[in-house]
Each structure stands twice: as C-alpha cells, then as structure tokens.
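In case you want the letters, here they are:
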Amino acid sequence: MHTFVRCGKLFTGRDDGPIDGGMLVFDAVGRLAYVGAEAGAPQRARGDRLIDHSGDFVMPGLIDVHTHLAYGNAKSEEDIDLYSPLEFRTLRGMFFAQKCVAAGYTAICSPGDAGQISLSIRDAVKAGLFDGPRVVAAGPYLTTHQGLTDWYPTWIGAPETSIGKLVTNLNEAIEEVRRQVKNGVDCIKIALDGVQRRPDGELIAAFTQEETGAIVRETHRLGRKAIAHAVGREATLYAARAGVDLIFHAFDLDDECIAAMLENGSLLCPTLTHPRNLVDFTQAHEPAAQKGRVEATDKRYREGCARLRKAVSAGVPFLAGTDSGFAITPYGEWHAKELELFVADLGLSPAAALRAATEVNGRFMNNGRGEEIGVLEEGRAADFVAWDGSPLDDIRLLQDRSRLKGVYIAGRPLRIEDRPYDPRQVTDFALSNWTDLYTQARVAELRIDAGATRPRLAAE
Ligand SMILES: [Zn+2]
C-alpha cells in the first residue's frame, strides 16, 4: 500500500526552486518511493491512498538543532538546574517537544540537558509511547571550573541535576564521554566558552586546545558527534581545529576560525533568535535589563552578524537553531524566527534559509543509523509539512500557525491538541522575592506612603 500526496508546490530541500504540481509517494513504513512532478509519478493502484495538498506548499519537516528539552521555558539558570526533579523535567520536556511538532518542527537536536532527559524523550517517541518530534540528544555539557554551566561557587559545585557535568582533568572528561555514550547520547556537548577575559576583552576558552582535541577524538572514536558552545574567538578556534561537528554561536569568529571550520568540516549554528528576542522582548524592569544585558547583547548581535556574514560568504554551512526553552524563547513559538533573521541579518535568500532548516540541518541530524531526514527524495523518510502560502515569498509565514495545514512524520499525520496549562506550576520556582532595594532614599524616591496602608495599632 502506498500513499500519494498531491502538492501545489513541492520544495524538496535539494533545490532552491519548488516543483509546481508535485507529487510525493511513500510506502507503508513511511519511506519515500517517489518525489517529483505529478506527471512522472507512478500509477495509483487499488488500495493506495491519496492526500490532497494541491492548494499548499509542501516541504520537508522543519528541523531546529538548538532546542533544550530540559529547560522548561526557564527564567534563570537556577530554574534550569535546581528546582524541579529530573523526572518532572522529563515529563515537561515531552509536553514541550509536542509544542515543537505543532509548529511544524518534526525533528530537533537537544544539545545539552540535565541527566538523561532528552534521550528518554527520544526513546519514548521512537517506541511509539507519545507523538513527538525525532530527537537527537546530548547529555550534560562537559565543563571545567572555567566553563559555562559551572555557574555556582566552588563550595556548591555542579549538582547532579545541573546541565553541566564538571570535569577537573582530562581523564575525567574522557570517562564522562564514555559514560554518556554508554547511556545512549547521540552527541557530546562541550562548554568551550570560559568566563575569564583577557585585557583586550577576549574570552578565554574553558578547555585547552589539547583537551578539546582529546575529547573530540574520543567522541568520534565511539561513533558520536561532538558539539560545542563557543561564542568567543578562542573557543571557536579550538572547536574548529579539533573537528567539532557542530559549533554553536561563534559570534566572535575571525578568518582563522573560518579557515579551520572549512578545513575540518565544522558546521555552524549561530542561534540568532535567543539574543534577538532578548533585545526585542526584555522589559526595563526585568533583571536582564537592570544588569545591562540588553545593550551588551544588542552590540554583540550587530557585531556578530557582521562577522557571521563573512562565514556565510566563505561557504561555512549554516544550520538553523533557536535556543528554545528559555522564557524569551518558549517552545513552539519562535523556531522559524531564525529563518527570518537568516534572511534579514545574514543576507540569505528565503530558499537558502529554508534549506538551512531542512537539508543542511539534516546533514547533522542524520547519523547513518536511522531514517534519513531533511530532504524529500526517494529512500528518505516522509517527514513533511504543508503550508497555506509560500515561505519563499515571505519567510515569516512559517511563524503563523494558522497557515500550517499538515505535519507528517514517516508519513503519519500528527495532530497535537493545543492544550492549555498553568506556566506557574511548570517553571520559575526561584526563591527570589524582590527586585528592588528599599533604603530610606529609595522609598522616598518611590513616594511610598507606608502610613497609608499600615493600620494604627496603638490605642488613641
Ligand atoms: Zn543552548
């Protein structure tokens, strides 16, 4: 039994232009048997099904390679790490993974998570227990006392429930790679940015070049992919020289980094949405604004885009990912904003942006051990989405859920109910109570009249 899908326009992910009047044919296990013009399609046999998307733009299921399933739309690092048990976070992550599918994202990479949350969600979906996206999963970030994700003072350390796994020497790092691979991760995440800066402002990497190389070699020896968080130039350079498969951010990259990326085949996911949303959405009263993060991020974003455009021109492959899972990047909401920013701020064509979120992302997601995704072609999985209108005319269309006409994974239609929930019971369990400091001067400045609300207790 085969299923035929009549498409108004068919964008395969392989070419920039769509096929007018296309046809997809897939078999009973959801593997594509024909992709092309309807005129060249095989004959329908008795018992074959027909799905009509003849009024729609059909394309490969969208992929976001930077969605943290463990974070729960967190407002703080403590919220990510401390206040809810791993078991609750896993159930929460499953719920939010479905929000991604409902937005047309049929596959995500969860690059750095506490415990075994993402790989458990991956396996539960794969086993058919829940509807959800395909997941490529990492475990906790490998970090050092100089690294991102080792947030807390040394007397607290990195708790078991943290997204960071603190390693204090190379042997521990290698052991952690082996442990995570045994537990079933698809990739190893390295927190390569440090926290110290040189006098000229450059970030110092958390690991040395030699340590980075050894971690990546062991990861590759065990058949897994290495991924790294690297904003700073040094971290980006170490990652690229070591042959990290996918580098996130790279906002401070230079020509040397670009050359090393091209030489070693590193892919780059800049993740523009998170900083852009931080600048666009943060309100003046919020701690991120009070701490000056909005101005700093705006500057980093503008300078970063200028450098990233050089990497685009040099031919470094750009992958689309958003850092969804924070309060400024809630699941299912902003995944396709990345493509709008690719067009507006990196100068990609809408077709190139679409291919970034499909074909190019697929190069990272496919590991040769499972079904191939990212491109609609014979032999690959029938993961596709249908839109009312063409994102090639306006890439922002992909952010409009009312235009999404169908989501299919391995040929199976997914309809995720838009289930309401109480966000206050899901995250934001931080213990802070005040955002202001009530000195006498501040109280006077705020013109607080305590007398107006305080009852008179003494007998008159
Ligand atoms: Zn991230």
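Since we're looking at a predicted model, the values are computed, not measured.

*Asks:* I'd like a rundown of the overall build of the chain, residues and numbers included.
*Replies:* Of regular secondary structure, the chain possesses 14 helices and 18 strands. Taking the principal axes of the C-alpha coordinates as reference, the chain spans close to 95 × 65 × 40 Å. Per-residue burial over the chain gives 53% buried out of 460 residues. Of the contacts made within the chain by residues no fewer than 6 positions apart, 68% connect residues no fewer than 24 positions apart. With the model as given, the accessible surface of the chain reaches about 20,800 Å², and the carbon-plus-sulfur share is 50%.

*Asks:* Pulling in residues and values, what's your account of the coordination of the zinc ion?
*Replies:* For the zinc ion, the full set of protein donor atoms is His66 (NE2), His68 (NE2) and Asp323 (OD), and the range of their distances to it is 2.0 to 2.3 Å. Expressed as a motif, the donor residue spacing for the zinc ion is H-x1-H-x254-D. Like histidine 68, histidine 66 is buried.

*Asks:* Account for the packing of helix H11 (residues 337-346) against helix H12 (residues 350-365), naming residues and giving values.
*Replies:* Interaxial distance between H11 and H12 falls to 9 Å at its minimum, and their mutual angle equals 140°. It follows that H11 is oblique to H12 by the angle criterion. H12 is crossed by H11, and the crossing has right-handed handedness. Between H11 and H12, the residues in contact are Leu339, Phe342 and Val343 and Pro350, Ala353, Leu354, Ala356 and Ala357, respectively. Considered class by class, the residues forming the contact of H11 with H12 number 8 nonpolar, no polar and no charged.

*Asks:* Describe the packing of aromatic side chains, and please don't skip the residues or the numbers.
*Replies:* All chains considered together, the criterion is met by 10 aromatic pairs. With centroids separated by 5.1 Å and ring planes inclined at 45°, the aromatic side chains of phenylalanine 281 and tryptophan 334 adopt a geometry described as tilted. One end of the pair, phenylalanine 281, is in helix H8 (residues 273-281); the other, tryptophan 334, is in the loop between helix H10 (293-314) and H11, with 53 residues separating them in the sequence. For phenylalanine 281, a relative accessible area of 33% puts it in the partly exposed group. You can call tryptophan 334 partly exposed: its relative accessible area is 25%. Taken together through their ring pairs, the aromatic side chains of Phe95, Phe96, Tyr331 and Tyr421 make up a single cluster. Seen from the ring of phenylalanine 364, lysine 225 lies directly overhead, with NZ or CZ sitting 5.2 Å from the centre. Between lysine 337 and the ring centre of tryptophan 334, over which it is positioned, the NZ or CZ distance is 5.4 Å.

*Asks:* I'd like to hear about the pattern of salt bridges, residue by residue, with values.
*Replies:* This model, assessed by the stated rule, comprises 33 salt bridges. Residue aspartate 254 is joined to arginine 233 by a salt bridge in which the shortest nitrogen-to-oxygen separation is 3.2 Å. A residue pair is termed long-range when its members are at least 10 positions apart, and aspartate 254 in the loop between strand E14 (246-249) and helix H7 (255-264) and arginine 233 in helix H6 (residues 233-242) qualify at 21 residues. Among the residues examined, aspartate 254 registers a relative accessible area of 25% and is labelled partly exposed. On the basis of relative accessible area, arginine 233 is assigned to the partly exposed category, the value being 23%. Residue glutamate 256 pairs with arginine 233 through a salt bridge whose shortest N-O separation is 3.5 Å. In this pair, glutamate 256 is assigned in helix H7 and arginine 233 in helix H6, connecting sequence segments 23 residues apart.

*Asks:* Talk me through the packing of H8 against H10; I want residue IDs and the actual numbers.
*Replies:* Orientation of H8 relative to H10, taken along the N-to-C sense of each, is 135°, at an axis distance of 9 Å. With respect to their mutual orientation, H8 and H10 come out oblique. Pair H8 / H10 crosses with left-handed handedness. Packed against H8, whose contacting residues are Pro275, Arg276, Leu278 and Val279, the element H10 presents Arg293, Val294, Thr297, Asp298 and Tyr301 at the interface.

*Asks:* Help me get a handle on the layout of surface pockets, residues and values and all.
*Replies:* One number sums up the size of the second largest pocket: a volume of about 650 Å³. What lines the second largest pocket is a set of 24 residues, among which Val125, Lys126, Arg134, Val135 and Glu371 lie closest to the centre. Breaking the lining of the second largest pocket down by element, the ones donating at least two residues are helix H3 (117-126) and strand E7 (134-137). Considered class by class, the residues forming the lining of the second largest pocket number 11 nonpolar, 5 polar and 8 charged.

*Asks:* Got a sec to walk through the pairing of E7? Specific residues and values, please.
*Replies:* Walk down a regular strand and you will see the side chains alternate between the two sheet faces. Judged by which residues are buried, E7 turns out to be covered on both faces: Arg134 and Val136 on one side and Val135 and Ala137 on the other are all buried. One ladder, built from 4 bridges, connects strand E6 (residues 105-110) with E7; its direction is parallel. Paired with cysteine 109 across the strands is valine 136, a residue of E7.

*Asks:* Can you tell me about the environment of lysine 405, naming the residues and giving the values?
*Replies:* Position of lysine 405 among the secondary structure elements: in strand E17 (residues 404-409). Lysine 405 has contacts with His53, Asp56, Ala386, Trp387 and Asp388, leaving out every residue within four places of it along the chain.

Procedures and definitions
- Residues numbered from 1 in each chain as written.
- Predicted model: local features only at pLDDT ≥ 70, side-chain atom pairs only at ≥ 80, totals over all residues.
- Heavy atoms only, no water.
- Helix = DSSP H or I, 4+ residues; strand = E, 2+ residues; numbered from the N terminus.
- Buried < 20%, exposed > 50% of the residue type's maximum accessible area, 1.4 Å probe, protein only.
- Contact = heavy atoms within 4.5 Å.
- Areas by Shrake-Rupley, 256 points an atom, 1.4 Å probe, with all protein chains shown as cover.
- Donors = N, O, S within 2.8 Å, 3.2 Å for Na, K, Ca; no water.
- Axes fitted to C-alpha atoms, helices over the stretch in contact; angles between N-to-C directions.
- Parallel < 35°, antiparallel > 145°, perpendicular 65-115°, else oblique.
- Left-handed = near helix turned anticlockwise from the far one by under 90°.
- Nonpolar A, V, L, I, M, F, W, Y, C, P; charged D, E, K, R; others polar.
- Phe/Tyr/Trp six-rings, centres within 6.5 Å; stacked < 30°, edge-to-face > 60°.
- Lys NZ or Arg CZ within 6 Å of the ring centre and 35° of its normal.
- Salt bridge = Lys/Arg side-chain N within 4 Å of Asp/Glu carboxyl O.
- 1 Å grid on protein atoms, 1.4 Å probe; cavity = no way out; pocket = protein on both sides within 12 Å on 5 of 7 lines; lining within 4 Å.
- Points joined across faces, edges and corners; volume = space filled by probe spheres on them.
- Pairing = 2+ DSSP bridges.

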